[in-house]
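# Fold and geometry: a report
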Amino acid sequence: MADQPFMSEEEARRITDRVLSLSQADHCRVNLTSAMDGNTRFARNQMSTSGDITNSNLTVTSAFGQRVASSTTNRFDDDSLQQVVRTSEDLARLAPEDPEYLGELGSQSYPDTRGSYYDSTAELEPEERARAIARVTEQAVTEDLISTGFLVHRSGATCVATSEGLFAYGLDSRVNFTTTIRTEDGTGSGWSGTSVNDWNELNIGELGSIAVQKAIRSREPRDVEPGRWTVVMEPTAVGNMVNLMMNQLSARAADEGRSFFSAPGGGNKIGEQFIDSRVNIHSDPEDPSIYSTPFNNMGLANRRTIWIQDGTLRELNYDRYWAEQNNREPTGFPSGWYMAGGNDTLEEMIASTERGLLLTRFWYIRSVDPRTILFTGLTRDGTFLIENGRITHPVKNLRWNETPIFMLNNIEMMGAPVRISSGESAGLTPAVVVPPLKVRDFSFTSISDAI
Amino acid sequence: MKRRDFLRHSAVAAAGLSVVGHPEALHGILSPAAYGPVAVRSDRRELAMRALEAARSAGADYADVRINTNRNQGIQTRERRVIGLSDNVTSGFGVRVLVGGTWGFAASSNATGDEVVRVARQAVAQARANRAAQRQPVELAPTEVEPDGVWRSPIRTDPFEIPIEQKVEYLFGANEAAMGVAGVRFVNSSMFFLREDKFYANSEGTVTDQTIFRTYPTMNVTAVSDDNSDFQSRSSTDIAPMGLGYEHVVDSDMMGLAPRFAEEAVQKLSARSVDPGEYDLVLLPTHLWLTIHEAIAHPTELDRIMGFEANYAGTSFIYPLEEFLGRFRYGPDFMNVVGERSTPGALSTAGWDDEGVKPQDYHIVKDGFLNDLQTTREQALWLGDWYRSQNREVRSHGNSYAQSWADVQFQRMPNINLEPFPDRDVSVDELVEGIDRGIMIDGSGSFSIDQQRYNSQYGGQVFHEIRNGRVTGMLRDVAYQIRTPEFWNAMDLCGGPSTYFMGGAFGDAKGQPAQSNAITHGCPATRHRNVTVINTARSV
């Protein structure tokens, strides 16, 4: 393990074959992940902490008839492999029968997403991380600003094998960079960030420059009144909101009556137009802009899926059991998604706005009412007043209580989609590509003094 | 009367917690070697010394190493089905070094003699790479050397020794008790158990060996209206995760509480939607622990205050320090907030922190004023002037923690508790009696707070209207919004010791990469005047 950063296909096959040969269960599935992670944090214009981590995890799922259980280890000596198999089998024998267990999948065919792996990312070293970050800290020092941020990358393999003959092995590399730059007097803060698969595509200096400009322009914000506002949302803010809806696509929860996507009287909303007809969202592991793993942890292929077409719900996420119960194909759940946009630029959205707010990103987004996908959160790191088609001054951050359903019904303009850093903690989240939007009647409920 | 049920339950829970510390019960019940640490103690010591020596030879001025094995078991059910059953182990080690005042950290799952040397050198090389941009070198506050420390969570029953069938039977029994209530359509329940063997050594001579247990039973009941037009859920937030063994599952009495959770989920379907406006609030400790977490515990993290978490968790309204320490009135005179890692069964309780420091109990808020902040060895020095002005020792409070061997340790909150009313045992009834128009909130729900910890919003599990000093019917769609300083200063009375309860959660996130912490906050019930309440219902 020490000589190579993560498991090759050959090594993964050797281990999964060994585990399957040890299995005495009726069905067995082996999930293997092996990755090299690296990260560097910076704060107060210097590196603070960093890490380089090598790890692999092996999960064995055993089934005797309908009795199922699993066990995970990160040790790969033969004793540990035997132990993890025995543990999963011992647990499975004691488990009650699960009427929904459908056995394991045999050999499958997968989309080709070999392109999501880049040597440039796999070969990234701490020295290069430090040099890249210096392109941000130096700008901040020059402008008497305080920079903080996070650069993280992972390169590794995911593998699934079953006693029914399935073997899947996929490579993936990802990088995420975010920076928050604050003014020394603490009255201004700006942010920028994005994610890529290929380290060579990341322009950290440019991202730093955006955050520097936002920090400078956001100094000494003024109050605005809470209420319903027309907002120009940068792509990160849009992604923050639309993600909330994408996480609610469980067909089963909808059919069971405990989801926004439940239909009154029973069933779900597939086929119903529920948002603006310009909204189109799909997943596709083969689309280079939203590469994702070609298979899920059951070994089921993640295929191109249109979730929302012209504002109409076209598909929900069906696992194998729920699909069988409802005579549908299981969907898998490709982890990235792409929301199509329009031809309007951010500048045109601002120019067309008589009175509104420009939003950079959202923070501490938490569910308030699952019935309407109502969430609350706050604006952060770059919130500006737009008056008569121009940005006039920075404003204090605001708490909102809003649902992506309302937001996607109130679209006025759409721009070109871009890839964003979609997770609150700026970790290695799936690829999300979204357009900037101009939206009316976004609901803010109070002012925050936080900068 | 729900409130009395609650109080009876919390009193039972408190009594249960007071009897957990039987050290004589600990011997001979821990798991066999098959699931034990990555290596026996003497081997771990040898590996650790090898890593420290390799770091020193490569040029580290300071080094520490953690060799951990973490075993967890999870059982998830819904109604009469087990939907997840797993038993997992992860082990490995992490080496942290200081080279010329810059940190480096590397980790590997492969705890062998050659790999600890490689990883120690990797950590040193990384520190050298980071040093190029150094502006202010890291220094560490002095601490006592502990050459052979041993500590174990005060459990009575090792959860990994309890047969799976017994655990499944317990959850199915609780599910059945909930499903027996008319109107309930779904119930999910689970148990989670953790055992972490944590071996620590540093280049100053400290060596500690700790075994930490955590146990978390949970339940969520959902009621759906007959025509599928509405659904409401009730989570078991009265049952906290604890640093205890299987006895916590038994003491939590999920089976006994399940019918109440179920009835409350059903009642929420027909409860009256709240009129927005200003209300006096009585916050039961099953709810309040989370508000304390967000609006006291997080803003008093010193790394956050100094800007180290600005890119994610944020900074704090507590800045600059000289204007706040000893001067900022957090709340009324009776408000005392203590940070500690000593309460038996609380989740942060430990013998030593993750940089070998014996934790202290300390007042974060004393008699209403901000008195101290959460620190590690690196951070304690930043408070040197304040401590010297108070004739206090300049030392870490022992608040360093890492979620696993693969993550670098940094400042994480200890158990942070609001102390009960000091002068007499104020009851919840007394808090309610002083209110004309108010709401009593039971259980923690939705929560969100800004990055400087001013503006926050909280939901709950169950809301009861208070009219003319009496608890009346149930409300729904309630969330309250606060600004931290005003909210605590609007607390005009809090409950006494008989209302005290320790709440908590897994999954408190901080740091990048985000690390998850397990938190406990003890508190009494409180009363707050004139708080803004919004209605969260929407029609789509």
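Residue positions are given per chain, counting from 1 as you read along its sequence in written order. Here chains are named by letter from A upward and ligands by number from 1 upward, in the order in which they appear as written. Two thresholds apply to this predicted model, a pLDDT of at least 70 for residue-level local features and 80 or more for giving and counting side-chain atom pairs, whereas whole-chain, interface and lining totals are computed over all residues.

Here we come to the overall build of chain B. Helix and strand definitions follow DSSP, with helices as H or I runs of at least four residues and strands as E runs of at least two, each counted in order from the N terminus. Within chain B, the regular secondary structure consists of 13 helices and 25 strands. We compute the radius of gyration over the C-alpha atoms and compare it with the globule rule, which gives 2.2 Å times the number of residues raised to the power 0.38. Its C-alpha atoms give chain B a radius of gyration of 24 Å, within 12% of the compact-globule value 24 Å for 540 residues. C-alpha extents for chain B along the principal axes are approximately 70 × 55 × 50 Å. Partly exposed residues are those falling between the two cut-offs: more than 12 but fewer than 20 other C-beta atoms within 10 Å of their own, whereas 20 or more means buried and 12 or fewer means exposed, with C-beta atoms placed from the backbone. When the 540 residues of chain B are sorted by exposure, 60% land in the buried category. In this description, any two residues whose backbone-derived C-beta atoms lie within 7 Å of each other are considered to be in contact. A fraction of 77% describes how many contacts in chain B between residues 6 or more apart in sequence connect residues 24 or more apart.

This part is about the sheet that holds strand 17 (residues 418-420) of chain A. All names here are of chain A. If DSSP finds at least two bridges between two strands, the strands pair. Spatially, the six strands line up as an open sheet ordered 10-9-8-11-18-17, and their pairing is mixed. Each edge of the open sheet carries a strand with a single partner, namely strand 10 (312-313) and strand 17. Think of each axis as a best-fit line through the C-alpha atoms, taken over the contacting stretch in the case of a helix, with angles from 0 to 180 degrees between the N-to-C directions. Packing against the sheet, helix 6 (residues 235-246) makes contact with strand 11 (337-339), strand 17 and strand 18 (432-434), and its axis sits at approximately 115° to strand 18.

This part is about the interface of chain B and chain A. The interface is formed by 75 residues belonging to chain B together with 83 residues belonging to chain A. It is strand 2 (residues 81-99) of chain B that contributes the most residues to the side of chain B that touches chain A, 10 residues altogether. Gly is placed with the polar residues, together with every amino acid not listed as nonpolar (Ala, Val, Leu, Ile, Met, Phe, Trp, Tyr, Cys and Pro) or charged (Asp, Glu, Lys and Arg). Taken together, the residues of the side of chain B that touches chain A sort by class into 34 nonpolar, 30 polar and 11 charged. In this sheet, strand 2 of chain B lies alongside strand 3 (residues 67-73) of chain A in parallel orientation, the contact comprising three bridges. Within the sheet, the bridge partner assigned to S71(A) lies in strand 2 of chain B and is D87(B).

The next thing to look at is helix 1 (residues 9-22) of chain A. Residues and elements named next belong to chain A. Between the first and last C-alpha of helix 1 there are 20 Å, a value that for 14 residues agrees with the 20 Å anticipated at 1.5 Å per step. Restricting attention to buried positions, one finds in helix 1 the residues A12, I15, T16, V19 and L20. For helix 1, the angular spread of buried residues about the axis comes to 135°, placing them on one side. Across from the buried face of helix 1, at angles greater than 90 degrees, the exposed residues are E10, R14 and S21. The inward-facing, buried residues of helix 1 contact strand 1 (27-43), strand 2 (46-64), helix 2 (78-94), strand 4 (145-162) and strand 5 (167-183). Each helix should span, by expectation, one fewer than its residue count multiplied by 1.5 Å. Of all possible arcs, the one meant is that of the directions from the helix axis to the C-beta atoms.

All names here are of chain B. Domain assignment breaks chain B into domain 1 (2-270) and domain 2 (277-535). Source of the domain bounds: an automatic or database domain assignment. One C-alpha centre belongs to domain 1, the other to domain 2, and the line joining them spans 22 Å. Counting residues at the interface gives 54 residues for domain 1 and 47 residues for domain 2. Broken down by element, the residue count for the side of domain 1 that touches domain 2 peaks at eight residues, all from helix 1 (residues 2-18). Considered class by class, the residues forming the side of domain 1 that touches domain 2 number 24 nonpolar, 18 polar and 12 charged.

Turning our eyes to something else, we now look at the nonpolar core. Joined through C-beta atoms within 7 Å, a set of buried Ala, Val, Leu, Ile, Met, Phe, Trp, Tyr and Cys residues constitutes a nonpolar core. Counting residues in each nonpolar core, the largest one holds 287 residues, and the members touching the most others are A55(B), V95(B) and V97(B). Dropping the residues within four chain positions of it, V95(B) is found in contact with A51(B), A55(B), A63(B), V65(B), A106(B), V119(B), A120(B) and A123(B).

Residues and elements named next belong to chain B. Reading across from one edge, 12-11-10-15 is the order of the four strands in this open sheet, with antiparallel pairing throughout. The sheet is open, and its two edges are formed by strand 12 (369-370) and strand 15 (415-418), each paired on a single side. Here strand 10 (residues 337-340) pairs with strand 11 (residues 362-366) via three bridges, running antiparallel. By the bridge assignment, V338 is partnered in strand 11 with H363.

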